[in-house]
Protein chains: 2
Amino acid sequence: MEEHRHVTIYDIAERLNLATSTISRALKDHHSISDKTIKKVKQTAKEMGFVPNTLAAGLRGNKSRTIGILIPTITQPFLSSLISGIEITAQKSDYTVIIMQSHDSYEMEVDLAKSLYSNRVSGVICSLAMETKDTSHFHQFSNNNIPLVFVDRVPRDYDTFRVVINNYLAGYKATKHLIEQGCKRIAHLTAGSEFGTLYNERKRGYMDALAEHDLAIEDDLIVVLKHMTYEEGVKACNQLFDLKTPPDGLFAPGDILAVSAVQTAKKRGVKVPEELAVIGFNDDPISEIIEPNISTITHPAEKMGKAAAELIIKNLKSVKEEDAKEITFLNTQVVVRESSKRI
Amino acid sequence: MEEHRHVTIYDIAERLNLATSTISRALKDHHSISDKTIKKVKQTAKEMGFVPNTLAAGLRGNKSRTIGILIPTITQPFLSSLISGIEITAQKSDYTVIIMQSHDSYEMEVDLAKSLYSNRVSGVICSLAMETKDTSHFHQFSNNNIPLVFVDRVPRDYDTFRVVINNYLAGYKATKHLIEQGCKRIAHLTAGSEFGTLYNERKRGYMDALAEHDLAIEDDLIVVLKHMTYEEGVKACNQLFDLKTPPDGLFAPGDILAVSAVQTAKKRGVKVPEELAVIGFNDDPISEIIEPNISTITHPAEKMGKAAAELIIKNLKSVKEEDAKEITFLNTQVVVRESSKRI
DNA sequence: TATTTTAGCACAACCGATTGCAAGAGGCAA
DNA sequence: TTGCCTCTTGCAATCGGTTGTGCTAAAATA
């Protein structure tokens, strides 16, 4: 196997008897280089198989045209769509995407943040780990003018960009939908309050919707889960069905949970939606396929990814314009399907 | 906002009155540096908030401790699990993962390959785009001793690492299972022959299983799809159901297709599995949730990702040992669920 | 005590692209 | 012919670690 060494601008310079600076400029159509030279250089570069070394360019400019993504896991449909949106947008502007999974561990998140910094990423998009309470490991970005965008699972108090949906409103809308379908005892699954604002907001929406319609908020009907998994969903649902007066509606803040509810109900002979109306969250592909189809709240993952990436890229161009670190709210919609349709 | 400049080994060297070489070596426990110095350097580095610049290191050594992933899309469950496996393994060895989506376009794949090379990735893991026939854009890696591993959708004739399942055997097993359930007219969906070996192998297995059991291979029962999507699956199934003598079994080389079959059957009043036994492929989450549950063939995505990443990392250590570019076959299993259970 | 060995550290080149500044060539007006 | 300006191109420093080689002083050996 022959050993090519990488072709550099030095090689091109030598071949054409020009300075490397000229090559460098010619390759990016710098105005101070004559068209003749530009054409010649590009031609030769192609002939010689020149591929620029982004490491060198990055080192010199101390920026790498790289967007770092730090998320709990990529296998969740929401997150993989998010990444996809980021990657598509990044690609258009010639940015590269690097991905790291925290697996919801605070410790890993801290390590990986350092690793991203070490890679001199141009910007960071992050959805926080479940465990994370302290966010000081992100200061290294803020302090060094590296744009930082939190998505979906965002910290409550951090002055930076945030791309989210209005979880409160979404929770409210979901619950209201169930109420409109005639539900009187609506259950809700949620995460411990220590896990950031996301689930709390949805819960607030849930509670406000109940209150607004003069429905009692019963502690029995609110089940706190440790993890938002199918298994815990099943457990929670069984617990709910075992109540003296079981719920007639359920707002699950995730489609996997909604699926677990639908299936548990089926197993126990509880009819959906007649005896239990269910609405999920996220509009995962699965919600459209299971029977009955699950009503849900859209969660525009890819759009959020695109928005986040655009924020970074835009912000990199117009350096620190000190525009307030805005919060981008994307819209959600109630998708009514069979699992909640009573009327 | 205060502007920190990045702390470098020069800063540490100055502070401690040592040479940068000493700092560099001390930070990686080089044997020629005294323990005292090492301790002192590490201590100071931490105090000053030093974070190594991987770009600089990469430039010098012409390797970036980065694994490039080039796949059609990350939103498919199989592929996102694959990435997850790669990322987990990479993280353990302190490698970074960069991701690019070809969206099944040959042109993009060529571009992105160049981009990966431009980033001086240490290794590449790729699952080919549907469109790709010519693979010469990967020569740049092979020619420069950059380990290249193809996964799942691999080229037929490229001397490099490949991590795959035995698609022939899997197709055979799937079909045989249907035969054992009493199916006599087994249909099969497949992709055009120009799309690499993957679907062809499954089809070969299908055909051999039929032949072995003295079942006729009928062209009518083999539907060639342009894309392996839900919509095309529905179309294909309708076409099959419209036959004078419709099939009584279906081997779909993907769970999404199997889902489309099950749902189309339901819509048309065809009973699954009684009138049509269905088996899918991949063991996507969805196959366990839809009703009836779909029998399927496991496709160990995460394991394949890990195997691929390990191949790269291992190969990077023991430089070009010229061990034949092995093919790693991972096992698959038939998972029998309701959609095909007749006996 | 003289000499060899070794531990510990410094020097400086290097990786490859970028960019501010300098300078040479050619054109044009005075 | 001289001077000035514009257009092109070259020089050289720079980004921040890495590493082969060389030097010095202390430790080990004769």
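Worth saying up front: this structure is predicted, and the values here are computed from it rather than measured.

Some thoughts on the relation of the copies chain B and chain A
So, point 1. Mapping chain B onto chain A is achieved by rotating through 180° and translating by 0.1 Å along the same axis, at an RMSD of 0.2 Å. Accordingly, the operation relating the two chain copies is best matched by a two-fold axis. When C-alpha distances to the rotation axis are compared across chain B, the minimum falls at I98(B), with a value of 2.0 Å.
So, point 2. When the interface residues of chain B are mapped onto chain A, 100% of them again fall at the interface, so both copies present the same face.

A few points about the packing of helix α10 (residues 230–241) of chain A against helix α11 (residues 255–267) of chain A
Residues and elements named next belong to chain A.
So, point 1. For the pair α10 and α11, interaxial distance at closest approach is 8 Å and the crossing angle is 50°. Taken together, the axis directions place α10 and α11 in an arrangement best described as oblique. Pair α10 / α11 crosses with right-handed handedness. In contact with Y230, G233, V234, C237, N238 and F241 of α10, α11 contributes I256, L257, V259, S260, A261, Q263, T264 and A265.

Digging into the environment of T175(A)
Residues and elements named next belong to chain A.
So, point 1. Tracing the backbone through its elements, the reader meets T175 in helix α8 (residues 167–180).
So, point 2. With relative accessibility at 0%, the residue T175 sits in the buried group.
So, point 3. Considering only alpha carbons, one finds T175 and R202, 27 residues apart in sequence, at a separation of 9.5 Å.
So, point 4. In this structure T175 touches I186, Y206, A209, L210 and F251, once residues within four positions along its chain are discounted.
So, point 5. At a separation of 2.7 Å, a polar atom in the side chain of T175 contacts the main-chain carbonyl oxygen of G171.

With respect to the sheet that holds strand β9 (residues 277–279) of chain B
All names here are of chain B.
So, point 1. Strand order in the open sheet made by the four strands is β7-β6-β8-β9, with parallel pairing throughout. Two strands lie at the open edges of the sheet, namely β7 (222–225) and β9, each paired on one side alone. On average, each strand axis in the sheet is inclined to that of its neighbour by 15°, with strand direction left out of account.
So, point 2. Strands in contact with helix α10 (residues 230–241) are β6 (186–191), β7 and β8 (249–251); relative to β7, the strand with the most contacts, it is inclined by about 155°.

Considerations on the sheet that holds strand β2 (residues 96–101) of chain B
So, point 1. With mixed pairing, the 12 strands of this open sheet are ordered in space as β11(A)-β5(A)-β4(A)-β3(A)-β1(A)-β2(A)-β2(B)-β1(B)-β3(B)-β4(B)-β5(B)-β11(B). The sheet is open, and its two borders are formed by β11 (327–330) of chain A together with β11 (327–330) of chain B, each paired with just one other strand. Here the strands of the sheet are splayed against their neighbours by 20° on average, with no regard to which way each runs.
So, point 2. Pairing of strand β4 (residues 148–151) of chain A with strand β5 (residues 161–165) of chain A involves three bridges; the strand directions are parallel. Bridge pairing in β5(A) links V149(A) to F161(A).
So, point 3. The strands touched by helix α13 (residues 301–317) of chain A are β1 (66–71), β3 (123–126), β4, β5 and β11 of chain A; relative to β5(A), the strand with the most contacts, the crossing angle is about 165°.

Cut-offs applied
- Residues numbered from 1 in each chain as written.
- Chains lettered and ligands numbered in written order.
- Predicted model: local features only at pLDDT ≥ 70, side-chain atom pairs only at ≥ 80, totals over all residues.
- Heavy atoms only, no water.
- Least-squares fit on C-alpha atoms with pLDDT ≥ 70 in both.
- Contact = heavy atoms within 4.5 Å.
- Axes fitted to C-alpha atoms, helices over the stretch in contact; angles between N-to-C directions.
- Helix = DSSP H or I, 4+ residues; strand = E, 2+ residues; numbered from the N terminus.
- Parallel < 35°, antiparallel > 145°, perpendicular 65-115°, else oblique.
- Left-handed = near helix turned anticlockwise from the far one by under 90°.
- Buried < 20%, exposed > 50% of the residue type's maximum accessible area, 1.4 Å probe, protein only.
- Polar contact = N/O pair within 3.5 Å; in protein donor to acceptor, adjacent residues only side chain to side chain.
- Pairing = 2+ DSSP bridges.

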